[in-house]
Amino acid sequence: MSVRHDWYQSETKVVITVMLKNAKEKNYKVEIEKQRVHMTADGYELDLKLFAPILVERSSYKDFPSKVEITLAKEVGTRWDGLEEAVKQKPAIAAPPPIHKKNWDSLAKEVEKAEEADAQSEEALQRLFKKIYSSSSPEVQKAMNKSFSESGGTVLSTNWNEVAKDKVDVKPPEGCEFRKWE
């Protein structure tokens with residue numbers, strides 16, 4: 001039997017309306033508990049686990065020719081989010097990560113390319129200059145310092161005989177022009 005039910009609330013009560021015609025003839029029965037309402041009739045059953053506790057002694061029900069009305073007194077005068085308690089869903093089990101077949105040869109090539117790019121980067125160049133400078137004689141270190149500072153960082157020479165003769169000229173990279181700061 002398909003029977004519809006609905007509900008509304010006020011600050012002090014909740015009213016459940018069960019649209020069951022001739023409920024007396026269908027032997028209806030209502031049980032009201034602190035947090036549960038259970039109604040049966042010939043071929044019909046309604047079992048509700050209520051959203052919040054109620055006062056059983058102040059609750060009641062009444063049948064009409066077209067419906068049964070169940071009035072429940074709220075224990076606490078708060079608004080209910082629903083008639084029944086929220087069903088706590090079990091957390092979904094996380095799916096295992098997808099299995100991807102890796103082409104290890106292509107990954108190795110990518111790593112090699114990244115290492116080559118790193119070797120060509122400015123950081124690698126700085127490491128090279130530091131290595132040359134630290135393993136050089138004091139004469140080569142003097143040449144490197146003089147050429148770099150006099151040329152504004154555009155020339156780096158390790159030949160002291162050449163650098164010692166004269167001031168080192170600025171030699172900007174091709175396509176660039178050197179300007180003095182004023």
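Please refer to the structure placed before this passage.
Moving on, we come to the overall build of the protein. Helix and strand content of the protein: 4 helices and 7 strands. Along the protein, helices and strands appear, N-terminal first, in the series β-β-β-β-β-β-β-α-α-α-α. C-alpha extents for the protein along the principal axes are approximately 120 × 50 × 30 Å. In the protein, which comprises 182 residues, the share counted as buried stands at 24%. Put simply, of all contacts in the protein between residues at least 6 apart along the chain, 43% involve residues at least 24 apart.

As for its position among the elements, histidine 38 is in strand S4 (residues 36–41). For histidine 38, a relative accessible area of 12% puts it in the buried group. For histidine 38, the contacting residues outside a window of four places in its chain are Lys29, Val30, Glu31, Glu45, Leu46 and Asp47.

Read across the sheet, 4 strands follow the order S1-S2-S7-S6 without closing on themselves; strand pairing throughout is antiparallel. Looking along the sheet, the strands with just one partner apiece sit at the ends: strand S1 (5–9) and strand S6 (54–63). Each strand of the sheet is rotated relative to its neighbour by a mean of 15°, with strand direction disregarded. Where strand S2 (residues 13–18) meets strand S7 (residues 68–74), 6 bridges bridge the pair, whose relative direction is antiparallel. Across the sheet, residue threonine 17 finds its bridge partner in S7, namely glutamate 69.

Cut-offs used in this document
Residues numbered from 1 in each chain as written. Predicted model: local features only at pLDDT ≥ 70, side-chain atom pairs only at ≥ 80, totals over all residues. Heavy atoms only, no water. Helix = DSSP H or I, 4+ residues; strand = E, 2+ residues; numbered from the N terminus. Buried < 20%, exposed > 50% of the residue type's maximum accessible area, 1.4 Å probe, protein only. Contact = heavy atoms within 4.5 Å. Pairing = 2+ DSSP bridges. Axes fitted to C-alpha atoms, helices over the stretch in contact; angles between N-to-C directions.

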